[in-house]
Amino acid sequence: MTNTLYDALIAPHAQSDRPFMEIDDGTILSYAAFVRRAAQLAHVLVGAGVTPGDRVVVQAPKVADAIALYAACVQAGAVYLPLNTAYTQAELSYFIEDASPRIVVCDSKDEAALTTLCAPFGATVLTLGADGTGTLPAAADTAPDQFETVARGPEDLAALLYTSGTTGRSKGAMLSHKNLLSNARALTDLWEITDQDRLIHALPIFHTHGLFVAMNTSLLAGAQVRFMAAFKPDAIIAEIPKSTLLMGVPTFYTRLLNDAHLTRDLCKNMRLFVSGSAPLLAETHTAFSDRTGHHILERYGMTETNMITSNPYNGDRIAGTVGYPLPGTEVVITNPDTGAPLPAGEIGMIEVRGDNVFQGYRNMPEKTAEELRDTGFFMTGDLGIQADDGRISIVGRQKDLIISGGYNIYPKEIEDVINDIDGVLESAVFGVPHADFGESVLAAVVLEQGTALDSDAIAAKVEPLLARFKHPRRYILCDALPRNTMGKVQKNVLRDTYGA
Ligand code: MCA
Ligand code: AMP
């Protein structure tokens, strides 16, 4: 029986007593224990009715069982669907309806609310708390620790990750075994990850970065993972001398630089610092290399494509560039209006093709057709330029997107919520530079005549509906939105006016 991802990432470790995950209380889970735990969880899934291809929603704290549950889904042929722990009930209901999962795993504290929410959809709710207890682990504890792996091929789905869209509706990116494995192989080779590595893992595990880039490469290489429940600079500083690898968003690096303990001597055991998910400022890259002697390796990717490009491991890591297409991944820069390929040196849309590119958006064939060409090229919505030697730099985004601390925020989703408030005529949500998060969210709001809403009243309506990281940090009440002659709102004018 073959199972593409399981056979490559998990099965090889069945007899290995080497350490895999070390959690905050010092507990170390060996590779073999992890494989057995995944089998126990797979029994729980199947016992609760999961059949191959079924979705398993996981909105759970960052505990080891959440990763074992990912492995269990792979082994049972299910589709793992992680969700940001910051999502509100209002946001969750959309995902549950769209994905129609067989099982929803949530934090113990959310059990009652999720049970009500899932009832109409027939999904079973299991719990997994921040302390590692819950109905899911309790059931797994008494299950057999061997499970007959379900056959899955390269084209079968392994994961469904929702990514917000310019229309305001989140889109479920369907990722196959081949998509995930090909990317894990490319990154492990390129970054020379081996079983001698110890990765400091402080990213959330509900996105591509923390789940696939970090965990799949570690599993493939047999590396050790220092699995931290949260990003805390002083805890990272304490781990650096014992570790070789860190993966983070730019905010990690700016915050680490604020700590005087970050020195060349502290980092002498480290092999590689990786940054991605948002643009790394050249000044951060330079400050980090001046302080530590390490050139942060910046790479670029998307939920739909996994990683697309990377600066070289051996070779120049140039600040402000995202490096070269990964082996097996093709990149072309095209005219955003016509789709025609552009020569080196011209700015255009970054398009990508390869085994890493997803299978389409769940339940959205039209949206898939709009973004994924018949030729297999996916239009990223990012604007880039390719140098003569193939090196790529991202120069902007065609899509209306704000990236705050590595989280993507689509203004349309927030504008829809604000515009729904009685008394609001229209709004424009835009990003402005922010020293810690890279970008921060502001909203310009125009009220209907005679309305007496103030910022606090608007915030009080918006906040229960949207995750905290999406909340505008300021509401600017104005008489009219700036528009061009075509009537389109000029967000660049808003950015220039309120950016400071
Ligand atoms: C937390 N808050 C945020 C963010 N994070 N607000 C805006 N943007 C954020 N990213 C809120 C908190 O709820 C809190 O609200 C307040 O801001 C300050 O929180 P703070 O304690 O400073 O935040 P933190 O808990 O330390 O988190 C910051 C963080 C975190 C560690 C940078 O945001 C993070 O882990 N980001 C990584 C995201 C990531 O993994 N992205 C990868 C996506 P209050 O005011 O109530 O206190 S995958 C991807 O993009 C592609 C595929 C790729 O290429 O990787
Ligand atoms: P997501 O939709 O969460 O998968 O985020 C993907 C988006 O993050 C990309 O389309 C880019 O706009 C952005 N991104 C990821 N890595 C980088 C990077 N190194 N530099 C600039 N933008 C990045």
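This text goes with the structure placed above it.
Residues numbered from 1 in each chain as written. Chains lettered and ligands numbered in written order. Predicted model: local features only at pLDDT ≥ 70, side-chain atom pairs only at ≥ 80, totals over all residues. Heavy atoms only, no water.

Student: I'd like to hear about the site of ligand 1, residue by residue, with values.
Tutor: Ligand 1 sits among 24 residues. The nearest are Arg-255, Ser-277, Arg-299, Ser-404 and Arg-468. Within the contact set of ligand 1, a nitrogen atom lies 2.5 Å away from a side-chain nitrogen or oxygen of Ser-404. With respect to ligand 1, the side chain of Arg-468 contributes an N or O atom lying 2.5 Å from an oxygen atom. About the coverage of ligand 1: the protein hides 72% of its 1000 Å² of free accessible area. The set of elements that each furnish at least two residues to the shell around ligand 1 consists of helix H8 (208–221), helix H10 (250–257) and strand E13 (297–302). (Near = heavy atom within 4 Å. Polar contact = N/O pair within 3.5 Å; in protein donor to acceptor, adjacent residues only side chain to side chain. Areas by Shrake-Rupley, 256 points an atom, 1.4 Å probe, with all protein chains shown as cover. Helix = DSSP H or I, 4+ residues; strand = E, 2+ residues; numbered from the N terminus.)

Student: I'd love a proper account of the site of ligand 2, names of residues and values included.
Tutor: Ligand 2 sits among 17 residues. The nearest are Arg-299, Thr-303, Asp-382, Lys-399 and Asn-408. Here a nitrogen atom of ligand 2 and a backbone polar atom of Arg-299 are 2.7 Å apart. Within the side chain of Lys-399, a nitrogen or oxygen atom sits 2.6 Å from an oxygen atom of ligand 2. Alone, ligand 2 offers 490 Å² of accessible surface; in the complex the protein occludes 92% of this. At the level of elements, E13 and strand E19 (392–397) are the ones that each hand at least two residues to the shell around ligand 2. With five residues, E13 is the largest single contributor of residues to the shell around ligand 2. Of the residues contributing to the shell around ligand 2, the split by class is seven nonpolar, five polar and five charged. (Nonpolar A, V, L, I, M, F, W, Y, C, P; charged D, E, K, R; others polar.)

So yeah, pure geometry; function would need other evidence.
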